[in-house]
Amino acid sequence: MAVEITDANFEEQVLKSDKPVVVDFWAAWCGPCRMVGPIIDEISTEYEGKAVVGKLDVDANQEFAAKYGVRNIPTVLVFQNGEVVGRQVGVAPKQTYADAIDQLL
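Residues numbered from 1 in each chain as written. Predicted model: local features only at pLDDT ≥ 70, side-chain atom pairs only at ≥ 80, totals over all residues. Heavy atoms only, no water.

Per an unreviewed UniProt entry, the protein goes by Thioredoxin and derives from Christiangramia forsetii. Listed under Sequence similarities (unreviewed entry) in UniProt, the entry text for the protein is "Belongs to the thioredoxin family." (UniProt positions renumbered as here; feature names shortened; annotations may be inferred.)

A. Geometry of the UniProt feature "active site" (unreviewed entry) in the protein. The UniProt record marks C30 and C33 with the feature "active site" (unreviewed entry), using the residue numbering of this structure. Turning to its location among the elements, C30 is positioned in the loop between β2 (21–26) and α2 (31–46). By the secondary structure assignment, C33 is in helix α2. With relative accessibility at 4%, the residue C33 sits in the buried group. If near-sequence neighbours (up to four positions away) are discounted, C33 is found in contact with W26, A27, I73 and P74. (Helix = DSSP H or I, 4+ residues; strand = E, 2+ residues; numbered from the N terminus. Buried < 20%, exposed > 50% of the residue type's maximum accessible area, 1.4 Å probe, protein only. Contact = heavy atoms within 4.5 Å.)

B. Up close: the pattern of salt bridges. As enumerated under the stated definition, the model contains 3 salt bridges in all. Residue K94 is joined to E42 by a salt bridge in which the shortest nitrogen-to-oxygen separation is 2.8 Å. One end of the pair, K94, is in helix α4 (residues 94–102); the other, E42, is in helix α2, with 52 residues separating them in the sequence. A salt bridge links K94 to E46; the nearest nitrogen and oxygen atoms lie 2.4 Å apart. Here E46 lies in helix α2 and K94 lies in helix α4, a separation of 48 residues in the sequence. (Salt bridge = Lys/Arg side-chain N within 4 Å of Asp/Glu carboxyl O.)

C. Focus on α2. Taking 1.5 Å as the rise per residue, α2 with 16 residues should run 22 Å; its terminal C-alpha atoms sit 24 Å apart, in good agreement. Of the residues making up α2, those classed as buried are C33, V36, G37, I39, I40, D41, I43 and S44. Tucked inside the fold, the buried residues of α2 contact β2, β3 (52–57), β4 (75–80) and α4. (Expected span 1.5 Å × (residues − 1).)

D. Highlighting the state of the cysteines. Following the criterion strictly, the structure yields 1 disulfide and no others. Each disulfide pairs two cysteine sulfurs, and for C30 the partner residue is C33, the sulfurs being separated by 2.3 Å. The sign of the 80 degrees torsion about the S-S bond sets the C30-C33 disulfide as right-handed. Under the relative-accessibility criterion, C30 is labelled buried at 4%. (Disulfide = S-S within 2.5 Å.)

E. Structural view of the sheet that holds strand β5 (residues 83–89). A sheet is described by the order of its strands in space; here 5 strands give the open sequence β1-β3-β2-β4-β5, paired in mixed fashion. The open sheet has two edge strands with one neighbour each: β1 (3–4) and β5. The pairing of β2 with β3 spans 6 bridges and is classified as parallel. Across the sheet, residue V21 finds its bridge partner in β3, namely V52. (Pairing = 2+ DSSP bridges.)

The structure is reproduced here in structure tokens:
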């Protein structure tokens, strides 16, 4: 399962990680987010130990969504060494997210 990322643990889980990090910015009411959710969970299992894969609920955690300019959801950001190195807005196939991680491994 994907890690639950919040404003409180964002710095520790994402910015200080020594592995690539994928963060799915989502909300419970968002239909397309419910399509991306299972893909993110699959990727978190497949890349366990190699990358951190997490989900951030934008309704409950607005600080980092605002900081990174997330205006549409789902938005998936890819981080390396605390920097955004990839952004996917909207629903994409699983391979799109896997390729983003593979480029960093």
